[in-house]
Each structure stands twice: as C-alpha cells, then as structure tokens.
Amino acid sequence: MNRKRILLWAIAIMLGQFCQAQRAYWQQKVDHQIAVTLDDEQHMLRGHSRINYQNNSPDTLRFIYFHLYPNAFRSDRTAYERQAVEHGDTKHYFSDEEDRGFMDSLKFVTSFNGNDFAGAGFVATGDPDIIRLILPQPLLPGSGVDISTDFRVKIPLTFSRLGHEDNAYQISQWFPKPAVYDAHGWHPVPYLDQGEFYGEFGTFTVAITLPADYIVMGTGNIMEASERDWLRQLAARSDDSIGKEPANRSRTGWKTVTFHEENVHDFAWFADKQWIVREDTIPVPGSGHTITAYVCYSPKHKEIWKNSMASLKQAVNGFSNRVGAYPYQSIKIVEAALVSGGGMEYPTIAVIGASQDLKEDALHQVIVHEAGHNWFYGILGSNERKYPWMDEGINSFYEKQMAPETVVVKPIGAKGLNFFAYAMLSSVNRLLPADTAAELYPAINYAVDVYEKNAYYLQWLQAYMGADQFEAAMKDYYEQWKFKHPQPQDFINVFRSHSGKKLDWFFDSLMPTTQGVDYAIKSVKRAKGWDVTVVNKSRVFAPVQVCLYQDNGDSLCHWSPPFLEKTTLHFEQEGDYKKIGISPVIPDALARNNFDKTGFKLRPFIGFNMDPATKVWLAPALGFNYYNGFMLGGLLHNFTLPQNRFQFALAPLYAFGSGSFAGGGLASYTSYCHSGWLKEIEWKVGAKTFSAIKSNLNIPEYIYGRYIKVAPEVVFHLRKPHWRSTVERSLSLKGYWIREDYLDFNQDPVDSLYRPALGGYHDNFYGKLRYMHRNERTFNPFSYTFEGQIGAGFAKVSAEANIRIDYHMKNKGLYLRAYAGKFFAFSANTRELDRYRLTTTYSGANDYLYDETYLGRNMRTGFYAQQMSMKEGGFKINTLQYGAQLGYSDNWLLALNLKTDLPLWNLPLRLFADVATCANMKQNSPSGAVLLYEAGIEIYISNYLSVYLPLVMSKDYADYTKSIYPENRFLRTIAFSLNLGDMNWSKLTSSLLKM
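The shown structure was predicted, so the numbers you read here are calculated from the model rather than taken from an experiment.

1. Section: the overall build of the protein chain
When you go through the protein chain residue by residue, the secondary structure sums to 15 helices and 47 strands. Counting only C-alpha atoms, the protein chain reaches 115 × 85 × 80 Å along its principal axes. Buried positions account for 53% of the 995 residues belonging to the protein chain. Taking contacts inside the protein chain between residues at least 6 apart in sequence as the whole, the part at least 24 apart equals 65%. Split by element, the accessible area of the protein chain, about 43000 Å² in all, is 56% carbon and sulfur. Positive and negative side-chain charges in the protein chain, numbering 102 and 102 respectively, have mean positions lying 5 Å apart.

Shown next as structure tokens:
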C-alpha cells in the first residue's frame, strides 16, 4: 500500500473514531414481568418471565446474551467455583449434590410485532451461567422484541448470595437476565463472589407466590394493600412481644406478593418467617416526597439492630444531601445469611449478613454503606465488574464521612483498622492500581484497594478541589448520569469541569499507580516565616498538603502543586510552632517521616507502628539446647506492622548450663522494584553463636566449644506472573563464615588418663545458590528447588520437588517429596569431606551450614540424636553410631518420601514411607541391598513440629536397631523434626498478607 493510500486510510479511521465519539449516548431498555412460586419443601422456584427488550442502539442485534446465574452453583467447573477455590473457600466444592443450585426448564419464545417464534434456540458459552439466545430475525435499531420463558431454579445452600438457610431465603441473581449491550459491546460476565454485576435499566413487576406466613422484602413497592397492612401490624409490635407468635402472624395457605419498580436494573427478594419488622417514613431532602423504610432482622440480634432504622435514615439523608435526592418510593434493609462479604446491595433493598459477633457501631457502618449503594450502583449504574472504584470506592468515601470508623484496636492509631490494612499493604509494595477490574485483584487487594484506598484517594481529591467544588461536581455527575451507565471518562469530565485546578495528577498518575503514598518532611528553615521542604519518596506525581500546628491548637495548611521529587512550601508564621507535618487528608502510610519533630520509643514485647515515632521493642527471650542448657536474655527488635523496610532483631542470651553468652541476630533491608521482572530484593545478614560440643571426661567440670556463624545473603524475589497468581519465585545467593571450636583429648603422663582441652578452632567458608518456585494454590500445591553449594574441596548440586495431591475430601491429601543430589569432591582427603557427603537421614551431624535448629547438634546417642530434618534423603532413622551412616554417598543420592492423611478420622496422624538409593549402596550396605526403605506413622503437630514412629524398615535398619538398641528399641527409633530452617524471619509480618 502506497504512502498516499496509507494516509487516506489513517484519516478515515480517525474520522470514524471521531464520529463514533460524537454519537449521542444511548442505552437499552429491558422490562421484566415475572411470576414465581416458592416451594419451601424442595427449595425450588418455578416461574415464568416475560421480557420486553428495546434496542435503542444504532446496531442490528442477531442474538442476546443471557445470564443464568444459578448455574454458577451447578458444578465445580464454573467461574464462581474457580475463584472461590483460589480464595481457599471450598465449602461449595465439597458440598453434596442436593445442596447445590441450578436453573433449567428454559423454553424461550420470541415475539416480533405480535408474531411468536416458539423454540428460540440458544447456544452455550464457556461459562454454564451464560448463554447466547439466537434471535429468529434481526432486531433492528429502534425496534423491540418480547422474550418469554418458563424457568426453574434449585435454590442452593447459602454458599455466596443466592441461597437458603433452612427456610430463610435469599433470592438474588435468580432469573434469566439479559446482559448489558452498550457502546463498548456486550458484557456477559459470569457469576463471581469477588466482582459484582452490570444490568440494563427497565421496569420490574414481580409476583411472588409462597406460603402465607413468610415475610417478604424485595426490590420496589408492595402492590397489595393487605400485605402492607400486615407488615404494619408486625412493625407495631413492642419489644416485649418479640419472640411470642401473634395470632395474625400464624397464617396458613398461600399468598402472592407483587413488587413493582421503574428505572432499576436488578431485582432481589428475601423471605423469612422469624423476622422482626420495623417500618417508618423518611422525608427525602431536596425532593419534597416521603418514602417508606423497612428494616427486618432476627429476634436473636434485636439489641444490635435496635438503632438500625436510625442508621438507615441517616444514610438516606446523608446521600440525598451530598449526592442527590433518593428517587424511589421505598428502601429496605434485611438481615439474612450471606457468605459473600458483610452486606450486599440491590435496587431499593440490601442484605446484611447475620452475625452474633457484629457490633452495633459496625452494623451502623454496614447499613450506611449498603444503603448508599442505591446511589452508586443502583441509580448510577456503572459497570461494577470492570470499574469497582466507581461504586465501591465512591460509596466507601461517603460511608467514611457519615459513619467514621471506630478505632477497635487502640494501638493502631486514630485512623482505624481499615487505614491500618492499607498501610500494611503499602509497606510491602502490595498495592495495586485503583482502577483495576474487580476479578483481577487478589482477595485482600479487592478489600483494601477498592474499598479503602479509593475512599482515601477521594478524600485527597475533595480536599484539593475544595469541599464545595467537590460536592457540586458530584451532584452534577448524579444529575447527568442517574438511571444511566456512566463510564470513567464521564466521571472525569464532570469533575474536571468543576475544578479550577488541573486534576490530571489524580486520574492519570495516582489512580493507575501501584506505589504507596509516602511524603517526608526533609527540612524546616526560618525565612521570614518557615520554609518547609518535602520529599516525594513514592514518586507519584501529585500535590501534598502541609500543615503548621500552633501551640493553641490552630493549624495553617498549604497545598503544593503536583510534583515528583521535592518541593518547598512557605509559611508566613513568624513565631514558633508546635510541629509541622503532612496533612492527615493525604493517605500517607508511613507516619514516622511525616513530621519535623519525631521521637524514639522503646516499647515492651511487640506492637504496631502507626505513629510518627521510631519504635523498637524489647521482650524476654528464652532458649535451650543440650550444650548451653537453659538460656535467658532479651530480644531487641523492630518487627512490626506495618512492616519496616529495614528490620533487625538481636537476642543476647546467658546460658546457665555453660556459664557463657550465646544468642543470635539478623538484619534485613528490602528494596522494592516497581517495574520489570523483579518484585523486590532482600539484603540480609544473620549471625548466631551457641555451644555445640562439651566434655567432662575425667575432669570435674565441662569444657565447652562453640560455633560462630555469620551469613550474608541477597534474595531476588521475582514478580508474579499476574496479580492473583499463587506462585512465588526467588533466587538467593548466600555466603557463610563459620568458626568451629574443637576439643583435644591429651593423655596425662601422671595417671595416663585422657582429658579434654579446648584445642582451637577451624574457619570454614561456604557459598550457596538457590532457586525456589512455590505455587501455594488451594488444591495440589507444589514447589521445587534447585540448589548448589560449594566449600573448600567439595560441591553439591540438588533438586527437590514437593506436591500435595488432594483427595476429594476436605484437608486430606497425599504428600510426595522427591530429592536428587550429586556430590563432587575436589580434595584428595576424603576423610576431611565425610561431613559434607549426601545422606538419607539428615541430622545435626550433617548440618555443617548451621541452617537448622537442633537441640543436641552433635549428639549421636540418646533423645537428642533422634532429631532429624526433612533435607536430602528425608529418612527418619538415624544410624549415627556406625562409622559411616547408612545411605551415605560421595557420588549421588535419590530419594522419594510419601505421606498420606488418614481419610476416615480428623486426627493429626499420617502414614509415611521413604525409599532411597545411592551410588555404591550395594557395596556399602551390610546386607548388600540396593534400596533403603522405612514406613510408619507421623504425628503431625504443626508445620514446624512432627513426630515419626517407624514401624516397617529395611533389613539394614532393622539390624542396626537390634544391635544398637537392645532395650527400648521402639522408643529409641522414634524421631522428631523441628522445621525452622526455611522460615524467613524477616518476612513473618508480610506473610500475614497472603491471599
């Protein structure tokens, strides 16, 4: 194609895009007429739906996507199930068939201009809860089609939103529902727990037939006067009568309750026989009309819910005043079973999860939040699945204004638990862009980034714009887009039009960033007032507000323009001041660099770090091993939440057994990477010293020898393949300097007795390179590791793989571990290399790197010698009293370790079996066997402690135990493991943030 044609083609595309951008806004209209009957014995709905679909788009439609959301609960092969399992929720996965849900009996009939086409076909999609209805003739722009069908719904147990608990029903996402078609195309979205919904506006008329003693609350207005009168009688009951069944409530037979509402995009209903009903009216500010309000809740929770109507009134008044007048005739809040979050919103009605643990102030917050969704989701019908910040984020912003968070845990600071969670994620570089689609977030990020961070960001924007301009913009946004589908750009356009300042920093820099907000006061200088220099450590292009606080409590605050590196703000204040700091409207998670006057605090034990002071904690420390005896000392550290980039711990101990000092310490610093294949780099150094040998041979007091270890390490943590990935990958390079004392045993010429003396020490240097890949998925998690070690005269390479194969039983599985190792000798002195060889049973005698924790590191007999580690061969029986351990190899070693949970009982017992072979095993084993094996019972106490009872073993092990343990043979073969070696102490706090 020549240059001229290319240019013409490009101009045509741009003109087409420009014309499309100038097209008038349109949206489809979908009206529903539904009649449904509840069978509360079979937990079944049988219904008929008639839909009038009006095509207001400029496009001809040949099919319509439909949501059949109950089919999300049909099997374990749905999008809902995949996401639930990713979150560790396996209740539905392991549920019985009769407790699951589905939709069937669909018989679509379409009608164009009164001409019916029976048996309209539909085709399945990749999701069982989405179909594509094929229209028998094209649906032209400006025309409509009537679609009717019977349907049947099996109501599942309450695994998420739709469900029942006994005969209490939560009926949502329950009818055949067309997907949204807008200027961006079709939006068929499968049912998810994390990720809500997008629907077309229209009129709903729903007739529900059910046993007459049910209280029913649904979207819209109850049309039957008799039902409204009955509810009014129930609402008039006094607290004293609650729990006593009145005659007018014990109704028999059946009834039909009809709900009607216009300009809504969904319909949900709830039915319960036990609810307390409260009814009131609420004058709507700015509208001149009064609405009817209902609150329904369990008698068990009447004390918690006693002020719930007041909370609902506050929500209606608050949102109407701040955003726009509530347009519907009724509003309702009900309490019911709910697994998906604390509450869930639908047009004119919201459900709050039943909980005895919910406190009254927390309930107030939830009611305000869920009622507020009538504005941000109900009236402003944005695409929640794709843009959760437009409903959950904005709604949470107003919730925080009307129902400020109560500080539940005092030490976390005045901003409360939610800000604390935000600060935790920020401290470990785990925040994600605020404008991300709902299903892309890890579970904790969905809670923090969407609900909390977005609310804090909007507080920042409100303060920057000014409260009046912000409110004017929001009201304009509401008026322009109510009963429509606003897109992010529509929100942006409205707010830019109401601001005298540029807002690019907010929408283009702050919303898409993964970086936490971190401003620091660098300096304060007197200059006809005060010049305050602020450093932007997060490097997010944004403005900061700085406040000067005076002794009388007054404050003077100035805004900077958006900046990246540093800026200086000038205050005209001539006199002295109390402090200068970053304004609390800035969601800065790192408080201790936010003020010019900070301090140092030494605190007991452990705590949180949410105030400006630098904190260090001091706690008692205890220890024990065979050589040092009991140890007592202190632990000085700065491990805290939120996590510090620089962390340290120092634990000096006095050992009463050896009469000497011991202990250890570590320090680490984490560098976070915001792009590329690296997620973060950890720089670490660890050190420790303990006694490891002792002897009192022919002398009255023990002589002790110690080891000293210093190990620097750098760990490269690779970025995850995607945000929700359960994969962790790292590459580490670690060095070791280890000094080991040794004892000499010299013969006394006087009495010819040998006596020990401290002979000196050996310095050893090692290096280790390790790649680790771990996938902590809910089912069948696995990991593999490649490792290389080198020291003076030898090298080792090894590979280890672990997998848990889950049975179709909760918390039951088969555990497989495979190990392969190769040893290389560079020294001719093979005796010098004995301790480095590969071995089937790894004990303290083999731990030359001192990476593991052993109670009796060099013991070869007795209780302490029965400790082993799941390293190398992973066997449990030690043969330390042989000159050469069984399964020792200076060439290669292969091992397979199996464990299985017992399927019948929920006991901490497992069966285990190990098998191994190595080079020259046939020549080196007394029996000439080429395999070693053992099997028995594991008592699993925790991930860090297990006890093993070998019951079956190969002949070489049996012969060893018979000859070495003539008495108490079984007890002396019992082994135990303390699996502390792979624990990353510097990441203990961030491990709390796992999905």
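2. Thoughts on the sheet that holds strand E10 (residues 163-165)
Here four strands make up an open sheet; going across it, the order is E10-E11-E19-E16 and the pairing antiparallel. Two strands in the sheet have a free side with no partner beyond their single neighbour: E10 and strand E16 (215-218). Recorded for the sheet is a direction-independent mean angle of 10° between the axes of neighbouring strands. Relative to strand E19 (residues 269-272), strand E11 (residues 168-171) runs antiparallel, the two being bridged by three bridges. Across the sheet, the residue bridging to Gln170 is Phe270, located in E19.

3. Re the pairing of strand E34 (residues 646-655)
Across a regular strand the side chains alternate sides, sitting on one face of the sheet and then on the other. Alternating residues of E34 divide into Gln647, Ala649, Ala651, Leu653 and Ala655, all buried, and Phe646, Phe648, Leu650, Pro652 and Tyr654, none buried. Two strands pair when backbone bridges link them, and strand E33 (residues 629-637) and E34 are joined in this way by five bridges, in the antiparallel orientation. Counted as the bridge partner of His637 is Ala649 from E34. As judged from the ten bridges shared by E34 and strand E35 (residues 660-672), these two strands associate in the antiparallel manner. Counterpart to Ala655 in the pairing with E35 is Ser660. Between E34 and E35, which pair antiparallel in sequence order, lie four residues; one of them, Gly659, sits at a positive phi of approximately 65°.

4. Structural notes on unusual backbone geometry
For the bond running from Leu641 to Pro642, omega is -10°, close enough to zero to count as cis. The residue Pro642 is located in the loop between E33 and E34 in this model. The phi dihedral of Asp166 is positive, around 55°, even though this residue is not glycine. Judged by relative accessible area, which is 63%, Asp166 ranks as exposed. Notably, Tyr377 is not glycine yet its phi reads approximately 140°, a positive angle. Take Tyr377: it is sitting in the loop between helix H6 (360-372) and helix H7 (392-402).

5. Looking at the nonpolar core
Counting residues in hydrophobic clusters, the biggest one holds 173 residues, and the most contacted among them are Trp174 and Trp269. Broken down by element, the residue count for this core peaks at nine residues, all from helix H9 (residues 443-465). Each residue touching Trp174, except ones within four places of it in the same chain, is listed here: Ile34, Val36, Leu45, Pro70, Met103, Phe151, Val153, Leu162, Val206, Phe267, Ala268 and Trp269. Counting residues in hydrophobic clusters, the runner-up holds 33 residues, among them Tyr836, Leu838, Ala916 and Met953.

6. Section: the pairing of strand E23 (residues 343-346)
Here E23 shows no split at all, with Gly343 and Glu345 on one side and Met344 and Tyr346 on the other all buried. Bridging between E23 and strand E24 (residues 349-353) involves four bridges; their strand directions are antiparallel. In the sheet register, Glu345 faces E24, and the bridge partner there is Ala350. Counted between consecutive antiparallel strands, the loop separating E23 from E24 contains two residues, among which Thr348 sits at a positive phi close to 65°.

7. Here we look at the sheet that holds strand E26 (residues 530-536)
Hydrogen bonds between backbone atoms are what pair the strands of a sheet, whose relative direction is either parallel or antiparallel. The strand order across the open sheet built from three strands is E25-E26-E29, with neighbouring strands paired in antiparallel fashion. The two strands at the open ends of the sheet, each matched to only one other strand, are strand E25 (519-526) and strand E29 (566-571). Put simply, the sheet's adjacent strands are angled 20° from each other on average, direction ignored. By the bridge criterion, six bridges tie E26 to E29 in an arrangement that is antiparallel. Following the sheet pairing, Val534 is matched in E29 by Thr567.

8. Details of the packing of H7 against H9
For the pair H7 and H9, the least separation of the axes is 8 Å and the interaxial angle reads 65°. Crossing of H7 over H9 shows right-handed handedness. Contact residues: Glu392, Gly393, Ile394, Ser396, Phe397, Lys400 and Gln401 in H7; Tyr446, Val450, Tyr451, Glu452, Asn454, Ala455, Tyr456, Leu458, Gln459 and Gln462 in H9. A breakdown of the residues in the contact of H7 with H9 according to their chemical character gives eight nonpolar, six polar and three charged.

9. Brief notes about the side chain of Lys177
Position of Lys177 among the secondary structure elements: in strand E12 (residues 177-178). Accessibility expressed as a relative area gives 7% for Lys177, which makes it buried. Within polar-contact distance, the side chain of Lys177 engages the backbone oxygen of His265 at 3.2 Å. Beyond its immediate chain neighbours, meaning those up to four positions away, Lys177 contacts Tyr65, Phe66, His67, Gly199, His265 and Asp266.

10. Quick word on the packing of aromatic side chains
This model, assessed by the stated rule, comprises 81 aromatic pairs. Ring centres of Phe94 and Phe779 lie 5.8 Å apart, and the angle between their planes is 85°; this geometry places the pair in the edge-to-face category. Of this pair, Phe94 sits in the loop between helix H2 (79-86) and strand E4 (102-104) while Phe779 sits in the loop between strand E39 (754-775) and strand E40 (782-791); the two residues are 685 residues apart in sequence, bridging distant segments of the chain. Residue classification places Phe779 among the buried residues on the basis of a relative accessible area of 17%. Lys597 extends its terminal NZ or CZ atom over the ring of Tyr577, reaching a point 4.7 Å from the ring centre. Seen from the ring of Tyr815, Lys899 lies directly overhead, with NZ or CZ sitting 5.7 Å from the centre.

11. Regarding the state of the cysteines
The tally for this structure, following the rule as stated, stands at one disulfide. Across the disulfide from Cys547 sits Cys557; the S-S distance is 2.0 Å. Taking the sign of the S-S torsion, 105° for the link of Cys547 and Cys557, the bridge is right-handed. A residue pair is termed long-range when its members are at least 10 positions apart, and Cys547 in strand E27 (residues 545-549) and Cys557 in strand E28 (residues 555-559) qualify at ten residues. Taking relative accessible area as the criterion, Cys557 reaches 31% and is therefore assigned partly exposed.

Thresholds, definitions, all that
- Residues numbered from 1 in each chain as written.
- Predicted model: local features only at pLDDT ≥ 70, side-chain atom pairs only at ≥ 80, totals over all residues.
- Heavy atoms only, no water.
- Helix = DSSP H or I, 4+ residues; strand = E, 2+ residues; numbered from the N terminus.
- Buried < 20%, exposed > 50% of the residue type's maximum accessible area, 1.4 Å probe, protein only.
- Contact = heavy atoms within 4.5 Å.
- Areas by Shrake-Rupley, 256 points an atom, 1.4 Å probe, with all protein chains shown as cover.
- Lys, Arg positive; Asp, Glu negative; His and termini not counted.
- Charge placed at Lys NZ, Arg CZ, Asp CG, Glu CD.
- Pairing = 2+ DSSP bridges.
- Axes fitted to C-alpha atoms, helices over the stretch in contact; angles between N-to-C directions.
- Core = buried A, V, L, I, M, F, W, Y, C linked by side-chain atoms within 4.5 Å.
- Left-handed = near helix turned anticlockwise from the far one by under 90°.
- Nonpolar A, V, L, I, M, F, W, Y, C, P; charged D, E, K, R; others polar.
- Polar contact = N/O pair within 3.5 Å; in protein donor to acceptor, adjacent residues only side chain to side chain.
- Phe/Tyr/Trp six-rings, centres within 6.5 Å; stacked < 30°, edge-to-face > 60°.
- Lys NZ or Arg CZ within 6 Å of the ring centre and 35° of its normal.
- Disulfide = S-S within 2.5 Å.

In short, the description is geometric, and any link to function would need to be established separately.
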